[in-house]
Structures are given as C-alpha cells and as structure tokens.
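Below are the chains, spelled out letter by letter.
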Amino acid sequence: MPTNFTVVPVKDNTRKAKEGDEEDDVDDNNVLKEEEEDATGDGVPKENSPFINNTDNDKGNSYDGTNMALFEEEMDSNPMVSSLLNKLANYTNLTQGAQEHEEADDDEGPKKKAVKSPQMGTFMGVYLPCLQNILGVILFLRLTWIVGTAGILESLAIVALCCSCTMLTAISMSAIATNGVVPAGGSYYMISRSLGPEFGGAVGLCFYLGTTFAGSMYILGTIEILLTYIVPKAAIFVAERKEDEVDALLNNMRVYGTCCLALMAVVVFVGVKYVNKLALVFLACVILSILAIYAGVIKTIFEPPDFPVCMLGNRTLQNHNFDKCFKTEVIDNMTVTTKLWQLFCDGPELNATCNEYFVNNNVTEVQGIPGLTSEVISENMWSVYGPLGMLVENNKLQSVAGGDPAQDIYLPYVVNDITTFFTLLVGIYFPSVTGIMAGSNRSGDLRDAQKSIPIGTILAIATTSVIYITCVVLFGGCIEGVLLRDKFGDSVKGNLVIGTLSWPSPWVIVIGSFFSCCGAGLQSLTGAPRLLQAIARDGIVPFLQVFGHGKANGEPTWALLLTAGICEIGILIASLDAVAPILSMFFLMCYLFVNLACAVQTLLRTPNWRPRFKFYHWALSFLGMSLCLALMFISSWYYAIVAMVIAGCIYKYIEYRGPQLLVLLNLDSDQAVKHPRLLSVTTQLKAGKGLTIVGNVLEGTYLTKESEAKMAEQNIKSAMSAERTKGFCHVVVSSNLRDGFSHLIQSAGLGGMKHNSVLMAWPGNWKQSNDPQSWKNFIETVRETTAAHQALLVAKNVDSFPTNQDRLGEGTIDVWWVVHDGGMLMLLPFLLRQHKVWRKCKMRIFTVAQMDDNSIQMKKDLQMFLYHLRLDAEVEVVEMHDNDISAFTYEKTLVMEQRSQMLKQMQLSRTEREREAQLIHDRNTASHATINDKADTGPERVHMTWTKEKLFTERNRNRECNANAGVRDLFNMKPEWESLNQSNVRRMHTAIKLNEVVVNKSQGAHLVLLNMPGPPKNRGGDENYMEFLEVLLEGLNRVLLVRGGGREVITIYS
C-alpha cells in the first residue's frame, strides 16, 4: 500500500499532516491539514505511477514559493515535474506485488528484505529456459513416428510451418518487449501492460489453457514412458487379447496419470521453490538426451547398433512373445516349431493349421537402424498415411497375399493405432515448438529485459529449429521406415524407437525423457496457476476474481485447484495424440492474438504502441497471424472459425482503445455550431478512430424545445460530416446549462464505450459578457471533469486552429510540462502528429526548474524518461528563480480584485451572498468533522516528525526575508497594495512569470500545450481564477490547456 509523506506534530500524535502549500493568511489551526485522500480527495486510491519506483515517500513534497503558487492547491496529487524526475534514478522494473513471496515472512517486522537487483543475462535468463520448454515430450515420443508417417519432405514442411509461426510470433513478442520497460510478472504482464489489460486477458486465458493442457500432455508422456519402456509390468489393466491392448493402455494412463497429477499438485503446493531449483537438472536431462542422439547418429556411420526387426512377408511383427525370428529351428537334428509358429497356428505341431499368409510368406530380419551410410533415406522421403488398423509394411520385401484381412487385427502385427493424415500430424507436432514465452516469464529477473527477451527467444527458436530439422533428416537417414512408423517400438522388444539410435544406451534417452517430462509437467503446474492468479487480480473476468486469492505468502491455492481440475480433463482423455491438438489450438489462438494485436495496433497507430525493435514490421505480424490461422484451419476448421469471430471482436475493441472524447459544442441563437474548428481538432486527435461523442445543451424543457433540439442535432451532424468527425451526437435539454453539462459528463456513452476525456473551447468573451453564469458554467465543468476522473482539454483561440485540409509546414508543438497529472500532455502531441495536418511538426518539451533544482540533471532525467516512453522530442529545462514580486504584479492584482468586488456588488443579491457563505461554512464544518474522525486513527507510518514551530520556521524563512526587504518598499509606494490577498498576489505572480517564459520560448510554435491549473477550492475566487488563466495565456495564439484525469495514460509500459 503506498504511504503518503507525513508531517506529524510532536504535541499531538493523533494528528496527521501532509506537507503542502498553505496560504499566508490561514490561521495556525488550519495550517496542518489532514488530507489522507489522494489526487481527487475522493478516498479512491490513486494508481501507482507505472514509470518510477513509486515508494511515495516524497509524494507530499510541494513547492513552497511564489513561482508555482497557481498550482499549489493540487501539488499533493500532481507533483512538480522536478520532484517526479528525481525518482527516475531509482527506477526498478519490479511491479507492485511482484516481491510478495519474498517479503511475506517479513511484512510484520520493522524491516523488509532488500530488493535484489536483477542479474540474469540473455543466456541463463531467456535462452536456456526457452530451450528447455521448447524441446520435450514430442521430440522423444512422436518425432520418429511423424517422420516415418509423413516422410522426410512433408515432415520438413511441418517443422518449417510450425517453426516459422513461432519465429514470427517471437518477432511480435520482441516488439512488445521493446514497447516500453518490461514489467516483472511474466509474459502476461508484459502483454497486458503493453497492449492493454483487456487484450492481455484474452491472450492470457488462451495461454493459461494451453499451459494447463500442456501439463496434461507432459504427465501423459511421463506415464507412457513409465508403463511402456521402464516398468511395463506395473500396468494395472492387462489386455487378454490383442484388440484390447489400446483400451487397457488408456485405462492405465488414466489411473496412473491421475495419481501423478495429484502428487505433482501436492509438490507444487508444498515446495514450489524446489521445482524452480530443479529446472536446471531437467534442462540437463534434455541436453544430454539430445547429445546422446547425435552421438548415436555418428556411431551408425562406423558401427550401426543391432536392433533387428522381424518381418513376415512385408509385414512388421510385434517382437514381444518370441525370441527367434523364424518359423522352425533344428535342435538335435529335429525340426521343432518356435514361439512365433504358435502365434499364427493353432498348435506347436508341424502339421497344425496355420494362418494362410503365414504359410505363404517367409520370415526375414531387417536391420532396424542401417545407419547413415545406407540408402534408407531415399525410401523414407515420402509419406505413408493410412487408416486405423493399417498394417505397417515394407514394400521392398516380397509378399504373397493370403488369409482373411479381418483376422489380421488379432495377429501380432504392428498396426496404426490411429488414422493418420497430414493435418493430424501438424496438430500433434505443434506443441513441440511452443514454450517461446518462457524467457519473458522471467522478465523480473533479467538485467536488461528489452535486450535479452528478443535475442534469447529468437536464438532459442533458431537453435531448436535446427535441432528439429536435423533430427528429421537424421532419423530418416538412419532408421528403417517400418521402425519409424512403429510408434511404441513393438518390433524392437518394446524399446523407445529414438532410444535405439542413441549412444551409449537406449536408457539414456528413456531416463532423460522421463525426467524431462516430469520437470515440464511440474513447471506447467507451477506457472499456470500464477498466470490465472494474475488475470484474476487484474479483474478482467469478474467470475475469476476468486482465483486471485491464495495462501498468506501469495501462493495461488484456488488457482492451483482449478488448474489441476482442467488438467484432469486432459488426463481422462488419456491419449497423447488426442491431447496434443487441443493444446495446439490454445497456443495457436494465443499466438494469433499476439500477432493480430501487434499488426492492428501498428496499422491503427494506437498511442500506446511505440516499439523499438528494429526488425519488427507489421507485415511480419500479419504473416504470423495468417500462418497461425492457416495452422488452425489445418488442425480444426471449426475452432478456426470461432477464433476468427473472437479476433474480430478484439479488433473492434482495440479500435476504441484511444482517448474517447466528449466534445462540448456551443451553438448560436440559430442553433448553428459556433466553433466548427473544435470538430477539426477532434478529427485530428482521433484520426477517424475511436469513440467521439459531440454534445450540446439547450436551456429550457424538452416539451418546448423539442424542435430546436432536433434542429441543433441536425446542424451538429452536418458540421461533423463537413469536418469528417466520426462519432455520435447527443443534444440534451435541461433547465439550466450547468446541470445539462453535468448530465452529459456523467451519462454520455454506453458501458465500455464511455468517454474518458472532454474537449471544449475557451470562453473568449467571458469579460465582455453581462451574464457571469457563462464563465461560472465553464469553471463548474472543470470541477465536474476532475470529480469524474476525466481528462479535460480546453482550446483557446480555437477558430485559429488549422482545418483538416491544411498542412502545417516545419514548426513545433511545444509542451510545457509543469506538473504531472497522468501524462496526457505527452500523449496529445503524439496523437496529433499521426494526422497529416501536424505530421511535419516537431515536438518540444519544456519543464520548469526551481531554485533548488539541478537543471542539468533534470534534463538528463527527462531525456531518459522520453527514451522509455519511445517519444522523439527535444528537451529544454527553463529556470524560474524565486524573484521578488514586481509592482506590476501588485497593480494587476489590485485591478483584478477591484473588478471582482464591483461585479459582486452588481450581480449578487444579499440573499445569494448569504447562501454562498452558508454553503462554504457547511462545507468547512463537514471537512473539519471528517478531519477529526480521521485524526483518531493515527498515522500508519511516520517518515519524519516535525514540531509546528519548526514547520513554520522552514516554511516562512524565505518569505519573511523577501517581505522585510522588498515588499514593504512596495507598500510604501502604494498603501492600498497592503490590503491585497497575498494568495492572489502569489497566483498572479505565477501567471505573469510563467506567461513570460512561455511567450519567450513558444510564441512562434504552431501549438502550445500547457498544464491547466485547477479552480480554487474556495468558490468565492472563481472570477479571479478566470483572470489568472487569461494572464497565463496572454500573447499566445493556439493553446491547448490540459488537465489529466488522475490516471496514467502514457507509461513506459504502454
């Protein structure tokens, strides 16, 4: 929980105070304010600033001088840029809550563990984890069968398709990784913070389900290795007949798989840290197994291993129940039958009745692994697909037909256990190339995530692609085709086919693949619940929020239970070949969404998409998306259609991702639009995309104003059409304008399509207007937008803004960043420069340095901040020293207060004055009551303890000197200046001095963007507020005043 900087008086420990700027004329009892609320004072916690290490230790720091007095009332929530930039030096990429596991044991103690700086590099942090996750069960258990069934050429096509898909996705992931600073929390955090939490949730759910079913696949692979190759006698269900073998195997897989899942879930629940520590052991098993394969291939050149395959005619025999590959043998000069004879005949006698095919064909032995120097590669080039139950045959050998084909399933032949075809093999193979996000899952541990994730991931994919391609060629060049198509190694006494090739022993592969599958299953059960917990905590899917909770140390207990339940579904399916296409679909959907989002965000030029990866292009993402879609259609056409529908919905959602504008238009007496250029600005900001609502308020009742409302709506639509503004029109009739604008701000839009920003024109003739209600409505609108957490854009001299047909030449858009209120000032120039009108303009950012600031360091910090934001802009730090207040400022303030007093006397009746005074009194009374209630709770944490006297001494040190030296001389010149409100004097000084530096630097700019000071909390000074803004903007042509909504809209993450 962020904790505000507090100043606590020693005399009364129940009172809290936040260091801030108080007015000189406030009495002692009101100086120490208890504002425990944040930016808006509504009690809603403000979002953590996502571009700094937001400890909030100095959040209460405010500027105690005259230069920034215009912003002093909001300085607690909108800090000076100088104090904000100071924190950049302490930046860390650990997100809030990322250290909860490490700090859980020490939360109650006075000290927390020190945060260790990330130290992992590209090799250990990204390359090896990706290598471990990509290489796995399919390589060891199915690749030889895929090569034998599809042939070398089609197998290479499958490998090329799948590896190209993941490589293109990795390029998109690299773009995401360089689209701002990579947060800790894994690939989901990286994607959701870069593309938005809603879209990240869609990708995250696909990734979660894919990871969960991957756990099922790894567990099934573990059990298959255990029961088929290590301890076959451990099977609970034993088939009495050959045709029941498949069902018996599946039932064994279900029983042992469920037990294995329960055991792994307990291990993950109890000791997840041990799973992570064993990751290198599991990786070593994978690497040793692959090295054993390559060593075995090299050995076949000189000395091929002896694994004979027994053939009857051209049919492959299961070599389980016989030792000798011939029908009869001579023992002591007597011809006797072998065990093989008894499998095909009804007795051991030589005259027994035998299967006709057995009688007509000879039994021969072929070498299962003839080696690289043989010509077997030419025989394995082409595919051999077939239906369920098709015999595995070697067409080179002679065969004489005979016997009843229907009886073949009961005989010890090696047959297809499933129907095989190209698209099925694609679905089975694709899981062997997944795992490309393993590196990004360790983003919080990386020294330089933006560099390590792209390089490590792409190198890992390149390495594994080379391994798969060479394995396909080497398997096809070393192993006999009938043995390749023998999925379970029945023809070589139940040996793992890939194990027969390895050196020094098949057990190297068997044991290595067993531990590899165990480790991968444990890591899936470790990663998937945390992924679900992260999605649940983001609140994207409301009914998943229960899975965001866990044990006291943050372990996702409920998410682990759900993951185990979904994993059990895969276990009950029991067939590795049936589960693999399911998780292929989930991963393909995940990769499709990643590629689609990157391509669409580039084409739509969304403001939060600014990747720095130099090899990225939207066409590569589009190609990757197309390839994912093609693979989905290849694997399952109906899943592909569902994915396209979802992708269309995601596309429409992303289209509405930018600032969503409510434009408040003014109409003249004929219901014509007063400032059509305001719509031009809207079009240039939105570039025809996103949500725009154009609103207007008519005063009166709907019954009497119905025709005028329809005419106004028609005129607005015509103006929108002329200015090419896409959006909706909303005309409201209200008893007064203020309530009407309030209703528009609160209720315009629908659901997720609500506006988050308000655009309006500056009331240029407010001084000439006889009705003060015009500028009062403006100020109330400012207050309404602030209360609604919406950004506000106010265009001054809007009629001088360029039309959509104009093309501004070389020039600048100047941003004057005085206080930070959400980053909207940074976002707007980026949006404007996407439009043809502003495309040639350069962006300049000015910030203000005070007397105690290091302007050189501020400039460096700001340049680094802009680098993280991926914004190209010139930076300049303007120094504003705390000068004496000039006579011109006093005179300007005097004229303003005299005019204000005259207006009050002319416009306000005695009743209205009493009502306003009573309103202020009631509000202050309620405020003090709230303060007293809050004071009883005491401060949560005390960072510094000041006495009241010390606070006043420090606060007034410079002021007293200035007052004694310069201000008294001025009062002697004109005695009436002494009666002026000193708060107004300081605010006027801010407006004049800031206006001087802005005009000096930016008078020739095409557009000036400036922080808009908030209206005073005391409504009695509203007319003075308008005067301050008028002075602030004097001498500037095109100005856009900006007030943020209190939420970050542009960050180093997005």
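Residues numbered from 1 in each chain as written. Predicted model: local features only at pLDDT ≥ 70, side-chain atom pairs only at ≥ 80, totals over all residues. Heavy atoms only, no water.

Student: Hey, could you go over the overall build of the protein chain for me, with residue numbers and the actual values?
Tutor: Looking only at helices and strands, the protein chain features 34 helices and 17 strands. Per-residue burial for the protein chain yields a buried fraction of 55% across its 1054 residues. Counting contacts in the protein chain only where the partners sit at least 6 residues apart, residues at least 24 apart contribute 82% of the total. Surface exposure of the protein chain reaches about 45200 Å², of which carbon and sulfur atoms provide 57%. (Helix = DSSP H or I, 4+ residues; strand = E, 2+ residues; numbered from the N terminus. Buried < 20%, exposed > 50% of the residue type's maximum accessible area, 1.4 Å probe, protein only. Contact = heavy atoms within 4.5 Å. Areas by Shrake-Rupley, 256 points an atom, 1.4 Å probe, with all protein chains shown as cover.)

Student: Break down the confidence of the model for the protein chain for me, citing the residues and quoting the values.
Tutor: Averaged over the protein chain, the pLDDT score is 76; the fraction of residues at 70 or greater is 73%. Confidence, expressed as mean pLDDT per element, reaches its minimum in the protein chain at strand β1 (residues 7-8) with 34 and its maximum at helix α6 (residues 143-177) with 93. Counting contacts from residues 654-658, a segment whose pLDDT is below 50, to residues more than four positions away or on other chains yields 17 contacts. Taken as a whole, residues 957-968 scores under 50 in pLDDT and shows eight contacts with residues more than four places along the chain or in a different chain. (pLDDT = per-residue confidence, 0-100.)

Student: Any details on the environment of Gly-1014? Residues and values, ideally.
Tutor: Within the secondary structure, Gly-1014 sits in the loop between β16 (1007-1011) and α34 (1022-1033). Residue classification places Gly-1014 among the buried residues on the basis of a relative accessible area of 16%.

Student: Break down the pattern of salt bridges for me, with residues and values.
Tutor: Under the criterion given, the structure shown has 19 salt bridges. Taking the shortest distance from any N to any O, the salt bridge between Arg-142 and Asp-577 comes out at 2.7 Å. Pair noted here: Arg-142 is in the loop between α5 (137-141) and α6 and Asp-577 is in helix α21 (residues 576-604), with a separation of 435 residues, a long-range link. According to the relative accessible area criterion, Asp-577 is buried, its value standing at 6%. (Salt bridge = Lys/Arg side-chain N within 4 Å of Asp/Glu carboxyl O.)

Student: Please provide a residue-by-residue account of the side chain of Asn-355, values included.
Tutor: Relative to the elements of secondary structure, Asn-355 occurs in the loop between α12 (339-344) and α13 (356-360). Reaching out from Asn-355, the side chain makes a polar contact with the backbone nitrogen of Tyr-357 at a distance of 2.9 Å. Once you skip the residues sitting within four places of it in the chain, Asn-355 turns out to touch Phe-344, Leu-411 and Tyr-413. (Polar contact = N/O pair within 3.5 Å; in protein donor to acceptor, adjacent residues only side chain to side chain.)

Student: Now, about unusual backbone geometry: what can you tell me, with residues and values included?
Tutor: Most of the time, phi is negative for any residue but glycine, and the peptide bond is trans. A cis amide bond links Trp-503 with the next residue in sequence, Pro-504, at an omega value of 10°. Here Pro-504 lies in the loop between α18 (497-501) and α19 (506-538). With phi around 60°, His-789 is a residue other than glycine that occupies positive phi space. Structurally, His-789 can be placed in the loop between α27 (773-787) and β11 (791-796). When its relative accessible area of 25% is taken as the criterion, His-789 is described as partly exposed.

Student: Which residues make up the packing of helix α9 (residues 245-270) against α19, and what values do they have?
Tutor: One way to put it is that α9 packs onto α19 with a least axis distance of 10 Å and a crossing angle of 60°. Classified by the interaxial angle, the pair formed by α9 and α19 is oblique. Viewed along their axes, α9 and α19 form a crossing whose handedness is right-handed. Contacts between α9 and α19 involve Leu-261, Met-264, Ala-265, Val-267 and Val-268 from the first element and Cys-518, Gly-521, Leu-522, Leu-525 and Thr-526 from the second. (Axes fitted to C-alpha atoms, helices over the stretch in contact; angles between N-to-C directions. Parallel < 35°, antiparallel > 145°, perpendicular 65-115°, else oblique. Left-handed = near helix turned anticlockwise from the far one by under 90°.)

Student: Lay out the packing of aromatic side chains with the relevant residues and their values.
Tutor: Applying the stated rule across the entire model yields 14 aromatic pairs. The interplanar angle of 80° and the centroid separation of 5.6 Å between the aromatic rings of Tyr-429 and Tyr-468 together place this pair among those described as edge-to-face. Residue Tyr-429 is found in helix α15 (residues 422-429), and its partner Tyr-468 is found in helix α16 (residues 449-478); the two are separated by 39 residues along the sequence. When sorted by exposure, Tyr-429 lands in the same class as Tyr-468, which is buried. (Phe/Tyr/Trp six-rings, centres within 6.5 Å; stacked < 30°, edge-to-face > 60°.)

Student: Requested: an account of the packing of helix α26 (residues 737-747) against α27, with residues and values cited.
Tutor: The geometry of α26 relative to α27 is characterised by a closest axis approach of 10 Å and an angle of 25° between their N-to-C directions. One finds that α26 runs roughly parallel with respect to α27. Here α26 and α27 pass one another in a crossing that is right-handed. From α26, Leu-737, Arg-738, Phe-741, Ser-742 and Ile-745 reach across to α27, where they touch Asn-777, Glu-780, Thr-781, Glu-784 and Thr-785. A breakdown of the residues in the contact of α26 with α27 according to their chemical character gives three nonpolar, four polar and three charged. (Nonpolar A, V, L, I, M, F, W, Y, C, P; charged D, E, K, R; others polar.)

Student: Before we move on, could you go through the pairing of strand β17 (residues 1039-1043) and cite the residues and values that matter?
Tutor: Within β17, five of the five residues are buried, leaving the element largely enclosed by the surrounding structure. Both β11 and β17 contribute to a ladder of five bridges, which runs antiparallel. Looking at β17, one finds that Leu-792 is bridged to Arg-1043. Pairing analysis gives four bridges linking β16 to β17, with the strands arranged parallel. Its bridge partner lying in β17, Leu-1009 is registered against Leu-1040. Handedness of the crossover is the feature at issue here: the chain leaves β16, passes through α34, returns alongside β17, and the resulting connection is right-handed. (Pairing = 2+ DSSP bridges. Right-handed = clockwise from strand over helix to strand, strands pointing away.)

Student: I'd love a proper account of the sheet that holds strand β6 (residues 363-367), names of residues and values included.
Tutor: Strand order in the open sheet formed by three strands is β3-β2-β6, with antiparallel pairing between adjacent strands. Looking along the sheet, the strands with just one partner apiece sit at the ends: β3 (315-316) and β6. Across five bridges, the pairing between strand β2 (residues 308-312) and β6 is antiparallel. Considered in β6, the bridge of Cys-310 is made with Glu-365.

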